[in-house]
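Structure at a glance
Here's the letter readout for the chains.
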Amino acid sequence: MSAADTTTPAKVPPPRQAPPTPSPAVTEAPRARRTPGGTAVPWALLAPCLLILALVLGYPLVRLITLSFQKFGQSQLWGFQPAESVGFANFTDVLGDGEFWAVVVRTVVFTAGAVVFTMVIGMLIALLLQQVSGWVKTLINIALVASWGMPIIVATTVFKWLFDSDYGIFNALLSKLPGVDMIGHNWFAGGPQGLAVIMLLVVWGAVPFVVITLSAGLTQVPKELQEAARLDGAGAWGVFRYVTLPILKPIIVMLTTLSVIWDMGVFPQVFVMRNGHPEAEFQLLTTYSYDKAFVVNDYAQGSAIALLTVLLLLGVVAVYMRQMLKIGDVE
């Protein structure tokens, strides 16, 4: 008997048959059924919020636009003369005024400085919080929330005392340095120094929100990606630039936009720090509009300046929306 006769023949599996071609009715994905009133439910839930926004913001905005195209002063306010429509005359006068453009430049520089310092300091503190123990992080977060919740008037009063020319503790501390004599120095004698103090106040109040938000975002950065970057030879800066920063980009864009809007709308810090009468070198767009409306009693020009400020802020919002759409397309 040969080996071929003793070998058990292998069983060959039957050939697979091609699956039957499904009919078009089967291949179509089942359409999601819309529940009755599904479109109306979100609008019903948003209705209270929209109503409040319309009541709180709608009428003032309409009134602001109306006043900016009228001649409206003290006589019109008391009803001695009717309001007259002047078209774009108020905007022409404002845009043709060199003082207005000086205020715009000052506001942009002040806002840019405050936003840059806020974001840089906030990012550094948020990164440092990731390296400390839990109880230290808790204490720092409590301090941040306490400073963030402090009323603006109280914080401004504290800063006025810190930088007071006669009793300010900041001058006393600087005078302890070798060769430095700051006793009696008036920080508000000139616009740049005074605005730097006000900027420091604004940054101090804005940093806690930035730190808390960035700290929450840092918890979402995968540790595996950071470890892989270190294994590839990346240092601390490389890990931050190529791993942490791209993941935090949506949060950074949001915080930067909100900071620009808030810092361009700074009013009580300047108003209270200058005792209700900001000098010309301390004027920002908000205080300049207030002075035109309630000090000079030219409510029309004050409204025109406020409306131009709103348009500038809308430009910032448009840039923010464009950046967020780009980020959404990439993701």
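Refer to the structure presented above.
Here we summarise the structure given alongside this text. (Residues numbered from 1 in each chain as written. Predicted model: local features only at pLDDT ≥ 70, side-chain atom pairs only at ≥ 80, totals over all residues. Heavy atoms only, no water.)

Quick word on the nonpolar core
Filter applied, for reference: The definition of a nonpolar core used throughout is a set of buried Ala, Val, Leu, Ile, Met, Phe, Trp, Tyr and Cys residues joined through side-chain atoms within 4.5 Å. Exposure classes here rest on a 1.4 Å probe applied to the protein chains alone. A residue is buried below 20% of its type maximum, exposed above 50%, and partly exposed in between. Numbering goes from the N terminus for both helices and strands, where a helix is a DSSP run of H or I of at least four residues and a strand is a run of E of at least two. The contact rule is simple, with two residues in contact once any of their heavy atoms fall within 4.5 Å.
In this structure, Phe100, Leu214 and Leu285 are the most contacted members of the largest nonpolar core, which totals 32 residues. Breaking this core down by element, the ones donating at least two residues are α5 (89-95), α6 (98-129), α10 (191-218), α12 (236-264), α14 (285-295) and α15 (299-330). The element that contributes the greatest number of residues to this core is α12, accounting for 8 residues. In this structure Leu285 touches Phe100, Val103, Val104, Thr107, Met264, Ile305, Thr309 and Leu312, once residues within four positions along its chain are discounted. Of all hydrophobic cores here, the second largest spans 24 residues; its members include Val211, Val266, Phe282 and Leu284.

Regarding the pattern of salt bridges
For side chains of opposite charge, pairing can occur when their charged atoms come near one another. For clarity, the cut-off: One speaks of a salt bridge when a side-chain nitrogen belonging to Lys or Arg is within 4 Å of a carboxyl oxygen belonging to Asp or Glu.
Following the criterion strictly, the structure yields 2 salt bridges and no others. Arg274 serves as the salt-bridge partner of Glu279, at 2.8 Å between the closest nitrogen and oxygen.

Brief notes about the packing of helix α7 (residues 134-148) against α10
The following threshold applies: To get an axis, fit a line to the C-alpha atoms, keeping to the stretch in contact for a helix; angles then go from 0 to 180 degrees between the N-to-C directions. Orientation labels follow simple angle bins: below 35 degrees gives roughly parallel, above 145 gives roughly antiparallel, 65 to 115 gives roughly perpendicular, and whatever is left gives oblique. Two helices crossing with the near one rotated counterclockwise from the far one by less than a right angle form a left-handed crossing, whereas a clockwise rotation gives a right-handed crossing. The nonpolar class holds Ala, Val, Leu, Ile, Met, Phe, Trp, Tyr, Cys and Pro. Asp, Glu, Lys and Arg form the charged class, and all remaining residues, Gly among them, are polar.
Taken N-terminus to C-terminus, the directions of α7 and α10 make an angle of 135 degrees; their axes are 8 Å apart at the nearest point. Taken together, the axes of α7 and α10 lie oblique to each other. Between α7 and α10 lies a crossing of left-handed hand. Residues Leu144, Val145, Ser147 and Trp148 of α7 pack against Trp204, Gly205, Pro208, Phe209, Val211 and Ile212 of α10. Here the contact of α7 with α10 is built from residues that sort into 8 nonpolar, 2 polar and no charged.

Digging into unusual backbone geometry
At Asn275, a position not held by glycine, the phi torsion is positive, near 55 degrees. Within the secondary structure, Asn275 sits in the loop between α13 (268-273) and α14. For Asn297, which is not glycine, the phi dihedral falls at a positive 65 degrees. Position of Asn297 relative to the elements: it lies in the loop between α14 and α15.

A look at the packing of aromatic side chains
How we decide: Stacked, tilted and edge-to-face pairs are distinguished by plane angle, under 30 degrees for stacked and over 60 for edge-to-face with tilted covering the rest, among Phe, Tyr and Trp rings (Trp via its six-membered ring) whose centres lie within 6.5 Å.
Taken as a whole and judged by the stated rule, the model has 19 aromatic pairs. On the basis of an interplanar angle of 50 degrees and a centroid distance of 6.3 Å, the ring pair of Phe88 and Phe91 is categorised as tilted. Residue classification places Phe88 among the exposed residues on the basis of a relative accessible area of 59%. Both rings, one in Phe209 and one in Trp262, keep their centres 5.6 Å apart while their planes meet at 65 degrees; by these two values the pair is edge-to-face. Linking Phe209 in helix α10 with Trp262 in helix α12, this pair joins segments that are 53 residues apart in sequence. We classify Trp262 as partly exposed; its relative accessible area is 45%. An aromatic cluster is built from Phe72, Phe267, Phe271, Tyr290, Phe294 and Tyr299, whose rings are joined through pairwise contacts.

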